[in-house]
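As a plain string of letters, each chain reads:
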Amino acid sequence: HLTGVSDVKRIWVGMVVLSFLSTVTAAEPIEIGNDLQLFWDDGLIESKTGDVEFVLQRPEAKEMILTTEASWEGNVSAYFTFLQDSDEYRAYYRGAHYDTVKKVMTHREVTCVAVSKDGVHWNKPTLDIVEFEGSKSNNIVWDGIGTHCFAPFIDANPDSKPSEKYKALSRGRYVKGSFDTPERQKGVVGLYTFASADGLHWKQTSAKPVITKGAFDSQNLGFWDVNREKYICYSRLFIDGVRSIQFCESSDFVNWTEPVKLKYADSPNEHLYTNAIAPYARNPKIYIGLPTRYLPANSRVEPLFMFSRDGLTFQRWSTAIIPESAPADRAGNRSNYAAAGVLQLPNDPEHMSIYGTEAYYTGSDSRVRRFEYRTDGFVALQAKQGAIVTHPVVIDGNAIFINARTKKGGSIVVSLLDAAGKSIPGYTANDAIPFRNDLIASEIKWRDGRSLEALAGKTVKLHVSMTGAELFSLQVK
């Protein structure tokens, strides 16, 4: 029996609520498997309490590893690309010099290589491949179209030919009928393709540019994406007066999709010159970038950090990771680029190396310096006193390992909850052995030697309580 309009409203609201609740289902658990989980954003986090926050980290400046003082190199040698091939590291770069008095380039641009066994001590091999000023006693690997920004990668495509183990995309101008010596001031600007069996002896594999929409006068990077099972290219475009980064993909390294501009979460529209985007080696499902922000008022540049879970939308921090105050000569015109490539050096699992340039458009040469991060330490989940709860995840292993550090008196306590958020007996905070250390991979343990084996295949939430601590990554093994 209805006594008035208010009763009708209450019944109507109740029916709507019941209808909504009947459609709500429990969140599907995340199948994390044995993938490394990086605490750089809320991707794995369901809730936070206390003063938990994400804090950008800066690398520590180390030794200068390379100078470009040879006659075929010079003070505008640039666009360094670092990669690892088996037990050898390589750095590819442009050799070029600018006369700061006469305001002219003093010789043609060439592509050079340096090699290293440890990523710290580098040498320039005498290759006898390309002649420069009457001699082949140099480390030049390519001389022709594309030398402005030649950036090789090792092709991870399982179907790639051994003769094309190394590939590259680089900028040039096309004039019909002029394959070997295109006129530089005419024709269509675009990205050509190149290939090599050994990374030293190169051949041009496209007679015309395969990607033509963009600016390309920057470090244009390609790689085989294991997630998409396609080739990916990140290149530069100039749109609405702003230098930006674009994405396209290809199944065969010949036919490419229409480039699309990258998107950013809560980041201003800034000039981004280089991109240095690549899959993160410790979890290739994550894409990291070290883009260089360009400041047009005085042509200064500064490297940033960004990452993405889909390769198209990135979270980008606004603070420079290598400030101008880093050692030395970084405040000049284009004197503070981050090179492409993040290397984990031999016998040092606790650190990762990146490389940055200094001293550009000045003096007789340019320089490259090594910078060192803690492994996974680009961003830290930090708290003086706080906690996180993860989304439901499926346990696929016998142990949880964390990469974390605590201050004096600090701790990290990991307990397990069921999908409803209730503590699982034997895995409560009281059962957990607190972590008080500074380790890259430390196993989380509970009293009585309890392991995760009993929870294999089950859905749980991780409750991580942090006191004076930083958490970088987590992995179930």
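This write-up is about the structure you can find in this document. (Residues numbered from 1 in each chain as written. Predicted model: local features only at pLDDT ≥ 70, side-chain atom pairs only at ≥ 80, totals over all residues. Heavy atoms only, no water.)

## Here's the deal with the pattern of salt bridges
Spelled out, the test is: One speaks of a salt bridge when a side-chain nitrogen belonging to Lys or Arg is within 4 Å of a carboxyl oxygen belonging to Asp or Glu. Helix and strand definitions here come from DSSP, where helices need a minimum of 4 consecutive H or I residues and strands a minimum of 2 consecutive E residues; each element is numbered from the N-terminal end. Only protein chains enter the accessibility calculation, which uses a 1.4 Å probe. A residue is then buried if its area is under 20% of the maximum for its type, exposed if over 50%, and partly exposed in between.
This structure, assessed with the given rule, holds 33 salt bridges. For the salt bridge of Asp87 with Lys117, the shortest nitrogen-to-oxygen distance reads 3.6 Å. You can see Asp87 sitting in the loop between strand 5 (78–85) and strand 6 (88–95) and its partner Lys117 sitting in the loop between strand 9 (110–116) and strand 10 (122–123), a full 30 residues away along the chain. Classification of Lys117 as exposed rests on a relative accessible area of 53%. The shortest N-O distance in the salt bridge between Asp143 and Arg108 comes to 2.8 Å. Of this pair, Asp143 sits in the loop between strand 11 (140–142) and strand 12 (151–154) while Arg108 sits in the loop between strand 8 (104–105) and strand 9, and the two are 35 residues apart along the sequence. Given a relative accessible area of 30%, Asp143 falls into the partly exposed group. Residues joined in a network through salt bridges with shared partners are Glu60, Lys62, Glu63, Arg370 and Glu372.

## Thoughts on the side chain of Glu73
So the rule is basically this: Under the rule applied, a polar contact is a pair of N or O atoms within 3.5 Å (in protein, one hydrogen donor and one hydrogen acceptor; residues adjacent in sequence only if both atoms are side-chain atoms).
Relative to the helices and strands, Glu73 is located in the loop between strand 4 (60–67) and strand 5. A residue is classified by how much of its surface remains accessible, and Glu73, at 1% relative accessible area, is buried. Looking at Glu73, its side chain comes within polar contact range of the main-chain nitrogen of Glu69, at 3.2 Å. Only 2.5 Å separates the side chain of Glu73 from the side chain of Tyr93, close enough to count as a polar contact.

## Some remarks on unusual backbone geometry
Phi at Asp128 takes a positive value of approximately 55°, unusual for a residue other than glycine. The phi angle at Asp448 is positive, at roughly 70°, despite the residue not being glycine. Along the chain, the position of Asp448 falls in the loop between strand 32 (438–443) and strand 33 (459–476). In this structure Asp448 comes out as exposed when scored by relative accessible area, which is 76%.

## Concerning the sheet that holds strand 27 (residues 351–358)
Rules: When DSSP finds at least two bridges between two strands, those strands are taken to pair. All axes are obtained by fitting lines to C-alpha atoms, using only the stretch in contact for helices, and the reported angles, taken between N-to-C directions, cover 0 to 180 degrees.
Read across the open sheet, the three strands follow the order 4-28-27; overall the sheet is antiparallel. Both outer strands of the open sheet, strand 4 and strand 27, are each paired with one neighbouring strand and no more. Strand-to-strand, the axes of this sheet are offset by a mean angle of 30°, without reference to chain direction.

## Section: the sheet that holds strand 16 (residues 221–225)
Strand pairing in a sheet relies on backbone hydrogen bonds, with the paired strands running either antiparallel or parallel. Strand order in this open sheet of four strands is 16-17-18-19, and the pairing throughout is antiparallel. Only two strands of the sheet have a single neighbouring strand rather than two, namely strand 16 and strand 19 (260–261). By the bridge criterion, five bridges tie strand 16 to strand 17 (residues 230–239) in an arrangement that is antiparallel. Among the inter-strand pairings, Trp224 is bridged to a residue of strand 17, identified as Tyr231.

## A word on the environment of Tyr234
Among the structural elements, Tyr234 can be located in strand 17. Residues Tyr234 and Met466, spaced 232 residues apart in sequence, show a C-alpha to C-alpha distance of 38 Å. At 2.7 Å, the side chain of Tyr234 and the backbone oxygen of Gly311 are in polar contact.

Function cannot be inferred from these measures alone, as they are strictly geometric.
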